Amino acid sequence: MSPFRAAVLQQFKTQVGVKFQLYNSLFTSLPFHRIEKTGILLPLLLSDCEEGYRRRLGPVAIVDGFFDRHTSFTSEQERIDVMFRFVQYVERQVVLFDALEDAAFRDVNDMTGAGTLKHLEAEVSRLGRASALAGRLRDFSVRLVLTAHPTQFYPGSVLGIIHDLAKAVGSNDLPRIETYLQQLGKTAFFKKRKPTPYDEAVSLIWYLENVFYPACGRIADAMKSAFGDAMPADRPIVSMGFWPGGDRDGNPFVTAETTLRVADALRGSAIKCYYQDLRRLRRRLTFEGVEEPLQGLEKKLYDNIFIPGMRTSLSAREILDTLSAVRQTLLLQHNGLFVGMLDSLITRVELFGLHFASLDIRQEASVHRSVLSALASVLPPGMSGYAAMTESERMAALAQVREPLPAGWQGEGIVRETFESMSAVRSIQETNGRLGCERYIISQCGTASDVMEVLALFVLSGWRREHVSMDIVPLFETIGDLSKAEAVMRTLYADPVYAAHLKRRGNSQTIMLGFSDGTKDGGYLMANFSIYRAKESLTRISREYGVEVVFFDGRGGPPARGGGKTHRFYASMGREVANREIQLTIQGQTISSNFGTVDAAQYNIEQLVHAGLGNDLLAENASTMSERELALFGELADVAHAEYLSLREDPGFMDYLVHASPLRFYSETNIGSRPAKRGHSARMGLKDLRAIPFVGAWSQLKQNVTGYYGVGTALRRLDEAGRFEELRAFYKGSPFFRTLVDNCEMAMMKCFFPLTEFLRAHPTHGPLWERIHGEYLLTQRYVCQLSGRAGLMEEFPVERLSIQMRERIVMPLTTIQQYAITKVREMEERHQDTPLKRVYEKLAMRCSFGIINAGRNSA
């Protein structure tokens, strides 16, 4: 280990490990009923868990043995009550650990080192790449799109406590720490009702105001300071996107009214941020010639926040014009005094406008087809029999849609809601600016007509075709759809109507690629290979037609859903993949874990900016895979895919997951407004099951199948063919493949098979457990052989230690959860449906909160 890494690891041990032991002792002194006894018993349970798993005992034997040895509780209800108290206690230990890590962020991350803007500035200067940077900045940006995917198990109140607790820890303010721990003890983690889509939007707007507004502002200020005139005024280096309130895919609770309400909240929040900054600025700018215009602007901002009738009477251009005029006065009459403070506010208005974050609309492709089928009686003659047409006939028919539906015509249900959504887009653009809502994303997209249908529906809803300003974004997710993506886009680019639409948009096309469903569908290696190849082919076809393609990645938290070391993926993209912009979703839990504080957000956004710019500008970052490497990658993906499909198609696969994991309790956690599965079938089927509960269930089971399964088999296949040195050269020479393996190691680091080893003896589930465990051991052996290291994640000692400590904190929870699931399974096998069974179901569900929160990127 290098001296630098050793020093950082020691900092982590001091700032997080030691302080956790110190502050954890405060829990037992909190003035709450029975908490002291809980705090005494929990370490005994943890010790029993560690010793029990070493002796290859199962959760039932461990928990029952604990109660027999350490307590006098004999009734089942008494023991259940204690287990619920353990759940609550551990949940709060995880909060403390999160706050300690947040507080130590600057100490354990080099804020000016590799991957930061300071490093980029130094490297650009060293390599003499200033002019190349100026050219690159003209069309480069990073867009982070916040989504309300149900992976955030912390309620908003607890997230606020973590934020405040981290500040108190950072300043070693013991009285405040103790007060916040008391508040934590009285704050509920479980919501009695599901949040509405608007509730979800409000929660994420808090992050926009308190984290992304200052963090993105700092980055833009630093870029302007470092690179001056190279920074274009009309292209922010960082922008924000937003899905809550606009994401209709599978969520019946999102309506056009919700969309408008969320857009209004975004606008109001942006204005509130400007108002607060302007108030601070006016305390300094007390000079003649600037006070009056600033006072007038402050009144307009105030009116827009607090006087409903004034909400639409202001534009971003008006704010910028006023501030620019004041700036000129400062320079000419007051020696530029405090012009830096004014410039910071101008920068933020340029970044966020009056939209704060661009609200995306998303809907599933089949819905649009259903709407057109429902409109059969009022569609133009050329659309007659649309549902039965071939793909080419549909494309021809959709090209003839030039007029809106007859005046006064009103639809019902999803037809009305679709048209109202498209009307809402126009309203948002009028009040929040064009960037307020400029994209319509089509999930489950598989054909060119899926895209053309949206353009036709905008026309039918009242838009003139030549005025449709939306970026219509196909989302390719499954392995099959990814393989068809090039053909779909070729058809669209060659279509005269769609080509004209693109021309009006500056020949720019966004294409979204989904990692979550790709992994669920084809496994870890095949999903990543398919997306990489799709990006290459889509870049090639787009360049052929003179279209600037922008890739928008639908990434989740864990490696299985495109998470992990995300910035390293972007840094390792070769020149055969368009990298004009970096766009990605930041979902649920990842928002609080990677972007929960201003420091963390700034650091992680800088890593993305550096990755995108450095890939072009810094010679050592050039990493296009050779044809030979791509062929090797493809061979690995094919073998891994076949092995994963063999597992997935095992007749007992879903029964194993349903009965061994908390999957069926996911919808009862009340963490999101969206249903856990598509469709209305009562049976839990893989096709309808969403990727988040699928991945999250494997995570809680501590088997993480979706993050590594098939990798070991693929590596062994090539090793047996005498090609391991070829693999080792690929690993050393390809940053992309190396990052893929590093993320695989992270997924395996969070596995713990002794937890479920008792299933080995189960007559039905035993063979599947053996198979999964065998693939885990195989993958671990080959990954370590490939990297040349003795253990998993040895190159990342701080992250490795963090995972180890977190997994140890929640070991009692994973044990209690498996205990409860086993009790439920036994009752079901005896056909007992009793109140006690429902209590055990609730206990299993409640354990999910602490387990997922401790994982930070587990769902």
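In what follows, the structure referred to is the one given above.
It should be emphasised that the depicted structure is a prediction, and the values quoted were computed from it without experimental measurement.

### Describing the environment of Val-824
Then, in step 1: Its location among the elements puts Val-824 in helix α34 (residues 811-829).
Then, in step 2: Judged by its relative accessible area of 0%, Val-824 is buried.
Then, in step 3: Separated by 20 residues in the primary sequence, Val-824 and Ala-844 have C-alpha atoms spaced 9.2 Å apart.
Then, in step 4: Setting aside anything within four residues of it in sequence, one finds Val-824 in contact with Arg-664, Lys-837, Tyr-840 and Glu-841.

### Looking at the sheet that holds strand β4 (residues 361-364)
Then, in step 1: Strand order in the open sheet formed by nine strands is β3-β2-β1-β9-β8-β7-β6-β5-β4, with parallel pairing between adjacent strands. Edge positions in the sheet fall to β3 (358-359) and β4, since each of these pairs with one other strand and no more.
Then, in step 2: Sheet topology note: the strand β5 (residues 439-443)/strand β6 (residues 471-476) ladder contains four bridges and is parallel. Looking across to β6, one finds that Arg-439 is bridged to Asp-471.
Then, in step 3: Running over the sheet, helix α25 (residues 598-617) touches β1 (141-147), β2 (238-242) and β9 (581-587) and is turned about 140° from β1.

### Things to note about helix α35 (residues 835-855)
Then, in step 1: Taking 1.5 Å as the rise per residue, α35 with 21 residues should run 30 Å; its terminal C-alpha atoms sit 31 Å apart, in good agreement.
Then, in step 2: Where burial is concerned, most of α35 is hidden: 16 out of the 21 residues are buried.

### As for unusual backbone geometry
Then, in step 1: Located in the positive-phi region is Asn-335, a residue other than glycine, with phi close to 55°.
Then, in step 2: Considering the arrangement of structural elements, one finds Asn-335 in the loop between α13 (316-333) and α14 (339-352).
Then, in step 3: Residue Asn-335 is classed as exposed on the basis of its relative accessible area, which comes to 78%.
Then, in step 4: A positive phi angle, near 60°, is found at Lys-702, a position not held by glycine.
Then, in step 5: The residue Lys-702 is located in the loop between α28 (691-700) and α29 (711-720) in this model.

### Regarding the pattern of salt bridges
Then, in step 1: For the structure on display, the rule yields 62 salt bridges.
Then, in step 2: The shortest N-O distance in the salt bridge between Glu-745 and Arg-789 comes to 3.6 Å. Remark: Arg-789 occurs in the loop between α32 (766-787) and α33 (797-809) and Glu-745 occurs in helix α31 (residues 735-749); sequence separation between them is 44 residues. The pair formed by Glu-745 and Arg-789 is uniform in burial state, with each residue classed as buried.
Then, in step 3: Within this structure, Arg-5, Arg-568, Asp-742, Glu-745, Arg-789 and Glu-795 form a network of salt bridges that share partners.

### A short note on the packing of helix α6 (residues 117-127) against helix α10 (residues 197-227)
Then, in step 1: The contact between α6 and α10 brings their axes to 11 Å, and the two run at 15°. Between α6 and α10, the angle is such that the two are roughly parallel. Here the hand of the crossing between α6 and α10 comes out right-handed. Residues Leu-117, Leu-120 and Glu-121 of α6 form the contact with α10, whose participating residues are Ile-219, Ala-222, Met-223, Ala-226 and Phe-227.
Then, in step 2: Split into classes, the residues belonging to the contact of α6 with α10 amount to seven nonpolar, no polar and one charged.

### Re helix α16 (residues 391-399)
Then, in step 1: Along α16, the residues classified as buried are Arg-394, Met-395, Ala-397, Leu-398 and Ala-399.
Then, in step 2: Looking at the buried positions of α16, the neighbouring elements they touch are α15 (365-374), α18 (448-460), α19 (479-494) and α20 (496-504).

### Remarks on a nonpolar patch on the surface
Then, in step 1: Together, Tyr-302, Phe-306 and Ile-307 make up a nonpolar patch on the protein surface, roughly 290 Å² of accessible area in all.
Then, in step 2: Locating Ile-307 in the fold gives a position in the loop between α12 (291-306) and α13.
Then, in step 3: Under the relative-accessibility criterion, Ile-307 is labelled partly exposed at 36%.

Cut-offs used in this document
Within every chain, residues take consecutive numbers counted from 1 along the sequence as written. With pLDDT at 70 or above as the cut-off, local features in this predicted model cover only qualifying residues; side-chain atom pairs require 80 or more to be listed or tallied, and sums for whole chains, interfaces and linings still use all residues. As a rule here, side-chain values cover all heavy atoms of the structure and leave hydrogens and water aside. Strands here are runs of E lasting at least two residues and helices are runs of H or I lasting at least four, both read from the DSSP assignment and numbered beginning at the N terminus. A simple rule labels every residue: compare its accessible area, found with a 1.4 Å probe on the protein chains alone, to the largest value its type can have, and call it buried under 20%, exposed over 50%, or partly exposed in between. It only takes one pair of heavy atoms within 4.5 Å for two residues to be counted as in contact. Two strands qualify as a pair provided DSSP detects at least 2 bridges between them. To obtain each axis, a line is fitted to C-alpha atoms, and for helices this fit is confined to the stretch in contact; angles are then taken between N-to-C directions over 0 to 180 degrees. A helix is expected to span 1.5 Å multiplied by its residue count minus one. Salt bridge, as applied in this entry: a Lys or Arg side-chain nitrogen positioned within 4 Å of an Asp or Glu carboxyl oxygen. Here the angle decides the label: under 35 degrees means roughly parallel, over 145 means roughly antiparallel, 65 to 115 means roughly perpendicular, and every other value means oblique. Take the far helix as your reference; a near helix turned counterclockwise from it by less than a right angle gives a left-handed crossing, and one turned clockwise gives a right-handed crossing. Gly is put with the polar residues, along with every residue not named as nonpolar or charged; the nonpolar set is Ala, Val, Leu, Ile, Met, Phe, Trp, Tyr, Cys and Pro, and the charged set is Asp, Glu, Lys and Arg. The patch calculation keeps residues exceeding 30% relative accessible area without a salt bridge and links them within 9 Å when they carry like charges or within 5 Å when they are nonpolar (Val, Leu, Ile, Met, Phe, Trp, Tyr). Residue exposure ignores everything except the shown protein chains as possible cover, and the areas themselves are Shrake-Rupley values with a 1.4 Å probe.

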